[in-house]
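Listed below are the residues making up each chain.
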Amino acid sequence: MGKRIFYFLLTNVLVLATITIIFTLIPGTWNYIGQDGQLHLGTLLLFSAVIGFTGSFISLAMSRWMAKRMMGVRVIDPNKEMSQREREVVEKVHRLSRAAGLMHMPEVGIYDSREVNAFATGATKKRSLVAVSTGLLYEMDDDAVEGVIAHEVAHISNGDMVTMTLLQGVVNTFVVFLARIAAFVVSRFVKEELAPIVHFIAIILFQLALSILGSLVVFAYSRHREFHADRGGADLAGKDKMRHALESLRVYSNRVRGEETSIATLKINGTKKTSIFSTHPSLDERIDRLV
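The model shown is predicted, which means the values in this text are computed figures rather than measured ones.

Side note on the sheet that holds strand β1 (residues 74-75)
Now for step 1: Across the sheet, which stays open at both edges, the four strands sit in the order β1-β2-β4-β3 with mixed pairing between neighbours. On the outer flanks of this sheet lie β1 and β3 (118-122), each paired with one strand and no other.
Now for step 2: Looking at chain direction, β1 and strand β2 (residues 107-111) are connected through two bridges and run antiparallel. Across the sheet, residue V75 finds its bridge partner in β2, namely G109.

So this is what it looks like as structure tokens:
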């Protein structure tokens, strides 16, 4: 889940910045500063919600496409010839998806990486993707692979991406709202002829800073949903396989410490210790919670 969170947040920040610049540069758009020079907070809040939720839903719509491009995911066509290993992955995803009650099977993909990882993404349950790394397939035994895939299918079944999108929309709304209030205040401390450009630059800077703070809320939600996905994976694949998957990931995480960063930073594995910047709880805590 770590990778889908990262790409969703990255896309959200870029889209939000783009929409902000466009709306700011178009004259007369959402005039929340009255002729008396005062802020109209009601209009500003509505303006912020439009930008915030638009950016969030555009990010959601782009998440699957962006993940494929950035990770180099090769989507497996179940109607064409495939290797034995690919067939096993597709069968696992489809079997677990049917068990989860999904009406439409997710796309299944593999990306070439030594890291032990997997992620699920997509705008809706109908348009979802489950992708696994070659490192996961080669390093993990069959039961562990099934536990990991069950965890990712549970994310889709739980509708985590849509819920996170709504949360991100709320966060974006407050980011845009507070950034403009702060920028308005700052612009009052410069000469009148410089105020417009200072206001514009301040909006971008405050929005970036507040987006980072706002992401802490999304990270906290992500950690909370990991426990639910673990329980969902246990329901789909069996508690023994889900626990075995987490324990296998912990063993591998300990073994690769000190190796190259791209391998040691295992998003699905989480970290030894949980911090406010973690998208996942620690594996020890996840295993303890899986009762």
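Here's the deal with the packing of aromatic side chains
Now for step 1: Within this structure, the stated rule accounts for one aromatic pair.
Now for step 2: In this structure, R289 packs its charged tip against the face of F227, placed 4.0 Å from the ring centre.

Thoughts on the pairing of β2
Walk down a regular strand and you will see the side chains alternate between the two sheet faces.
Now for step 1: Counting buried positions along β2 gives four out of five residues, so the element sits mostly inside the fold.
Now for step 2: As defined by bridge partners, β2 adjoins strand β4 (residues 128-133) across five bridges and the pair is classed as parallel. Bridge pairing in β4 places V108 opposite V130.

Some words on the packing of helix α6 (residues 160-187) against helix α7 (residues 195-237)
Now for step 1: The contact between α6 and α7 brings their axes to 7 Å, and the two run at 150 degrees. What the angle tells us is that α6 and α7 run roughly antiparallel. Pair α6 / α7 crosses with right-handed handedness.
Now for step 2: A breakdown of the residues in the contact of α6 with α7 according to their chemical character gives 20 nonpolar, seven polar and three charged.

Re the pattern of salt bridges
Now for step 1: Enumeration over the complete set of coordinates arrives at 13 salt bridges.
Now for step 2: Taking the shortest distance from any N to any O, the salt bridge between K68 and E107 comes out at 2.7 Å. Separated by 39 residues along the polypeptide, K68 in helix α2 (residues 41-71) and E107 in strand β2 bring together distant segments of the chain.
Now for step 3: On the basis of relative accessible area, E107 is assigned to the partly exposed category, the value being 27%.
Now for step 4: Residue D284 is joined to R250 by a salt bridge in which the shortest nitrogen-to-oxygen separation is 2.6 Å. With D284 in helix α10 (residues 283-289) and R250 in helix α8 (residues 239-256), this pair connects stretches of sequence that are 34 residues apart.
Now for step 5: Classification of D284 as partly exposed rests on a relative accessible area of 36%.
Now for step 6: If you follow the salt bridges from partner to partner, you end up with R95, D143, E146 and K241 in one network.

Focus on the nonpolar core
Now for step 1: The biggest cluster of nonpolar side chains holds 35 residues, and the ones touching the most others in it are V89, L96, V132, L136, M140 and I149.
Now for step 2: By residue number, the principal contributor to this core is helix α5 (residues 142-158), which donates seven residues.
Now for step 3: With residues near it in sequence (within four places) discarded, M140 still touches R85, V116, V145, S248, L249 and Y252.
Now for step 4: Counting 14 residues, the second-largest nonpolar core is a separate cluster that includes V15, L44, F177 and A183.

Digging into the confidence of the model for the protein chain
Now for step 1: Of the residues in the protein chain, 87% have a pLDDT of 70 or more, and the chain-wide mean is 84.
Now for step 2: Contacts of residues 257-267 to residues separated by more than four positions or lying in other chains number 20 contacts, the stretch itself having pLDDT below 50.

Here we look at the side chain of E226
Now for step 1: Turning to its location among the elements, E226 is positioned in helix α7.
Now for step 2: Looking at E226, the relative accessible area reads 0%, which means it is buried.
Now for step 3: In this structure the side chain of E226 is engaged in a polar contact, spanning 3.1 Å, whose partner is the side chain of H155.

As for a nonpolar patch on the surface
Now for step 1: On the surface, V185, F189, V190, L194, I197, I201 and L205 cluster together to form a nonpolar patch covering roughly 680 Å² of accessible area.
Now for step 2: With three residues, the single largest contributor to the nonpolar patch is α7.
Now for step 3: Tracing the chain through its elements places F189 in the loop between α6 and α7.

Quick word on the pairing of β3
Now for step 1: Summarising burial for β3: five of the five residues are buried, a large majority.
Now for step 2: Sheet topology note: the β3/β4 ladder contains five bridges and is antiparallel. Across the sheet, residue G122 finds its bridge partner in β4, namely S128.
Now for step 3: The antiparallel pairing of β3 with β4 creates a hairpin that spans five residues between the two strands.

Observations regarding the packing of α2 against α6
Now for step 1: In the contact formed by α2 and α6, the axes pass within 7 Å of each other and the chain directions differ by 140 degrees. On the basis of their axis angle, the class for α2 and α6 is oblique. Remark: the crossing between α2 and α6 carries right-handed chirality.
Now for step 2: Looking at the contact of α2 with α6 residue by residue, the class counts come to 16 nonpolar, 10 polar and one charged.

How each quantity is defined
Residues numbered from 1 in each chain as written. Predicted model: local features only at pLDDT ≥ 70, side-chain atom pairs only at ≥ 80, totals over all residues. Heavy atoms only, no water. Pairing = 2+ DSSP bridges. Helix = DSSP H or I, 4+ residues; strand = E, 2+ residues; numbered from the N terminus. Phe/Tyr/Trp six-rings, centres within 6.5 Å; stacked < 30°, edge-to-face > 60°. Lys NZ or Arg CZ within 6 Å of the ring centre and 35° of its normal. Buried < 20%, exposed > 50% of the residue type's maximum accessible area, 1.4 Å probe, protein only. Axes fitted to C-alpha atoms, helices over the stretch in contact; angles between N-to-C directions. Parallel < 35°, antiparallel > 145°, perpendicular 65-115°, else oblique. Left-handed = near helix turned anticlockwise from the far one by under 90°. Nonpolar A, V, L, I, M, F, W, Y, C, P; charged D, E, K, R; others polar. Salt bridge = Lys/Arg side-chain N within 4 Å of Asp/Glu carboxyl O. Core = buried A, V, L, I, M, F, W, Y, C linked by side-chain atoms within 4.5 Å. Contact = heavy atoms within 4.5 Å. pLDDT = per-residue confidence, 0-100. Polar contact = N/O pair within 3.5 Å; in protein donor to acceptor, adjacent residues only side chain to side chain. Patch = residues over 30% accessible without salt bridge, like charges linked within 9 Å, V, L, I, M, F, W, Y side chains within 5 Å. Areas by Shrake-Rupley, 256 points an atom, 1.4 Å probe, with all protein chains shown as cover.

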